[in-house]
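Here are the chains, one letter per residue:
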Amino acid sequence: MTTRTTTTTTTSTTARTTAAAPRGDRFLRVAVALQTLTIFLQAVSAGVLLSSSHGELLHGVGARVMYGASMLYVLAAVLAWRPGGGSPRPIAYASGFLVLASAQVVLGIAHVPSVHVPLGVLMFGLSVLVLARQNTGAAGGRGLSGGSGPERS
């Protein structure tokens, strides 16, 4: 009787962990997509900043939203890793993006466009790369989230 209860409990725990993994991966993908979108909108608002007096407010608000999206990415990476049983690698990527976002904010406040603008372009490119790799399951058949991706021959 005890053996059967243990087996049922183990099976139930495994089922919950397996069910949590796709939700964690989905949240991670949404967080990366949101971050990528906000970085792109920052580039658009930078263009508005150059051509309109309202651009500074728009770019400032966008910076806060982009920074929040980077923090959400860190949270999503931790949640995809810990309860979902995924790879811890996205936590390093997300933390790196948060460091880059912090540098972006500091450089923007200090009005150093010679570094701020190229760093923004780099961040957008890296974010698109991470998003694309997650959605295609690159990196040897495994996406950056650590889950299994499409089979490759």
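Worth saying up front: this structure is predicted, and the values here are computed from it rather than measured.

Definitions and limits used
- Residues numbered from 1 in each chain as written.
- Predicted model: local features only at pLDDT ≥ 70, side-chain atom pairs only at ≥ 80, totals over all residues.
- Heavy atoms only, no water.
- Core = buried A, V, L, I, M, F, W, Y, C linked by side-chain atoms within 4.5 Å.
- Buried < 20%, exposed > 50% of the residue type's maximum accessible area, 1.4 Å probe, protein only.
- Helix = DSSP H or I, 4+ residues; strand = E, 2+ residues; numbered from the N terminus.
- Contact = heavy atoms within 4.5 Å.
- 1 Å grid on protein atoms, 1.4 Å probe; cavity = no way out; pocket = protein on both sides within 12 Å on 5 of 7 lines; lining within 4 Å.
- Points joined across faces, edges and corners; volume = space filled by probe spheres on them.
- Nonpolar A, V, L, I, M, F, W, Y, C, P; charged D, E, K, R; others polar.
- Phe/Tyr/Trp six-rings, centres within 6.5 Å; stacked < 30°, edge-to-face > 60°.
- pLDDT = per-residue confidence, 0-100.
- Patch = residues over 30% accessible without salt bridge, like charges linked within 9 Å, V, L, I, M, F, W, Y side chains within 5 Å.
- Areas by Shrake-Rupley, 256 points an atom, 1.4 Å probe, with all protein chains shown as cover.
- Salt bridge = Lys/Arg side-chain N within 4 Å of Asp/Glu carboxyl O.

Further remarks concern the nonpolar core. Among the nonpolar cores identified, the biggest contains twelve residues, and these are Leu-28, Ala-31, Val-32, Tyr-73, Val-74, Ala-76, Ala-77, Ala-80, Ala-94, Phe-97, Val-130 and Leu-131. Going through the elements one at a time, helix H1 (2-51), helix H2 (55-81), helix H3 (89-109) and helix H4 (113-136) are the ones with two or more residues in this core. The element that contributes the greatest number of residues to this core is H2, accounting for five residues. Beyond its immediate chain neighbours, meaning those up to four positions away, Ala-80 contacts Gly-24, Asp-25, Leu-28, Gly-85 and Gly-86. Counting six residues, the second largest nonpolar core, distinct from the first, contains Met-66, Ala-101, Leu-107 and Met-123.

Bringing the layout of surface pockets into the picture now. In this structure, the largest pocket spans a volume of roughly 850 Å³. Taken together, 28 residues line the largest pocket, and the ones lying closest to its centre are Gln-42, Leu-49, His-59, Gly-108 and His-116. Breaking the lining of the largest pocket down by element, the ones donating at least two residues are H1, H2, H3 and H4. Here the lining of the largest pocket is built from residues that sort into 18 nonpolar, eight polar and two charged.

The next thing to look at is the packing of aromatic side chains. This model, assessed by the stated rule, comprises two aromatic pairs. Arranged with centres 5.9 Å apart and planes meeting at 40°, the rings of Phe-40 and Phe-124 form a pair that is tilted. Residue Phe-40 is located in helix H1, and its partner Phe-124 is located in helix H4; the two are separated by 84 residues in the primary sequence. Between Tyr-73 and Phe-97, the ring centres sit 5.9 Å apart and the planes meet at 55°, which makes this aromatic pair tilted. Note that Tyr-73 is positioned in helix H2 and Phe-97 in helix H3, a separation of 24 residues in sequence. Classification of Phe-97 as buried rests on a relative accessible area of 5%.

Next up on the list: the side chain of Gln-104. Inspection of the secondary structure assignment puts Gln-104 in helix H3. Once you skip the residues sitting within four places of it in the chain, Gln-104 turns out to touch His-116, Leu-119, Gly-120 and Met-123.

Turning our eyes to something else, we now look at the side chain of Gln-42. On the secondary structure map, Gln-42 appears in helix H1. In this structure Gln-42 touches Leu-58, His-59, Gly-62, Ala-63 and Met-66, once residues within four positions along its chain are discounted.

This brings us to the confidence of the model for the protein chain. Per-residue pLDDT for the protein chain averages 81, and the proportion of residues at 70 or more is 74%. Of all helices and strands in the protein chain, the one with the weakest mean pLDDT is H1 (74), whereas H3 scores best (95). Within the model, pLDDT remains below 50 along residues 7-18, and this stretch shows two contacts once partners closer than five positions in the same chain are excluded. Long-range and interchain partners of residues 139-153, a stretch whose pLDDT sits below 50, account for 32 contacts in this model, where long-range means more than four residues apart.

This part is about a nonpolar patch on the surface. Taken together, the side chains of Leu-34, Leu-37, Phe-40, Leu-41, Val-44, Phe-124 and Val-128 make up a nonpolar region of the molecular surface, amounting to roughly 560 Å² of accessible area. Examining the composition of the nonpolar patch, we find that five residues originate from one element, H1, more than from any other. Among the structural elements, Leu-41 can be located in helix H1. The exposure class assigned to Leu-41 is partly exposed, which follows from its relative accessible area of 45%.

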